[in-house]
Amino acid sequence: MDISETLGVLLFILLCALVMHLDRTSEIEVVTCEKDGLTHYIGRHAPNRKLKFGVCKAERMSKGEYYALKFEFKKSTH
């Protein structure tokens, strides 16, 4: 591989890392529903009103925070 190919591969890897970073730091609105002091729902969309998940509130957080919260929620329910 010559220098231009090496530079191209390096720039591609850096671009991919930048896109992943920008995705994880972008802000989204997350809905959490709590009932009796327990969280029953975490998602990007409000649940159907027919379902009784308790009091729901929307808050803004980064996608990285949302993914970590969702992972912990799933881990604690299984």
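Now for a description of the structure that goes with this document. Since the structure is predicted, the reported quantities are computational estimates derived from the model, not experimental observations.

Calculation criteria
- Residues numbered from 1 in each chain as written.
- Predicted model: local features only at pLDDT ≥ 70, side-chain atom pairs only at ≥ 80, totals over all residues.
- Heavy atoms only, no water.
- Helix = DSSP H or I, 4+ residues; strand = E, 2+ residues; numbered from the N terminus.
- Rg over C-alpha atoms; globule rule 2.2 N^0.38 Å.
- Buried < 20%, exposed > 50% of the residue type's maximum accessible area, 1.4 Å probe, protein only.
- Pairing = 2+ DSSP bridges.
- Salt bridge = Lys/Arg side-chain N within 4 Å of Asp/Glu carboxyl O.

Focus: the overall build of the chain
Then, in step 1: Scanning the chain from terminus to terminus reveals two helices and three strands.
Then, in step 2: Going residue by residue from the N terminus, the α and β elements of the chain occur as α-β-β-β-α.
Then, in step 3: Computed over its C-alpha atoms, the radius of gyration of the chain comes to 19 Å, more than 25% above the 12 Å expected for a compact globule of 78 residues.
Then, in step 4: Each principal axis of the C-alpha atoms in the chain carries an extent, and together these give about 65 × 25 × 20 Å.
Then, in step 5: Taking all 78 residues of the chain together, 19% fall into the buried category.

A word on the pairing of strand β1 (residues 27–35)
Then, in step 1: Of the strand pairs in this sheet, β1 and strand β3 (residues 55–62) are connected by eight bridges, and their pairing is antiparallel. The residue of β3 that forms the bridge with Thr32 is Lys57.
Then, in step 2: Note: β1 against strand β2 (residues 38–43), five bridges, orientation antiparallel. Of the residues in β2, the one forming a bridge with Cys33 is Tyr41.
Then, in step 3: Counting the residues between successive antiparallel strands, the hairpin from β1 to β2 contains two residues, one of them, Asp36, with a positive phi of roughly 55 degrees.

Side note on the pattern of salt bridges
Then, in step 1: What the rule picks out here adds up to three salt bridges.
Then, in step 2: Between Glu72 and Lys75 there is a salt bridge, with its nearest N and O atoms 3.4 Å apart. In this pair, Glu72 and Lys75 are both assigned in helix α2 (residues 63–77), three residues apart and thus about one turn of the helix distant.
Then, in step 3: According to the relative accessible area criterion, Lys75 is partly exposed, its value standing at 49%.

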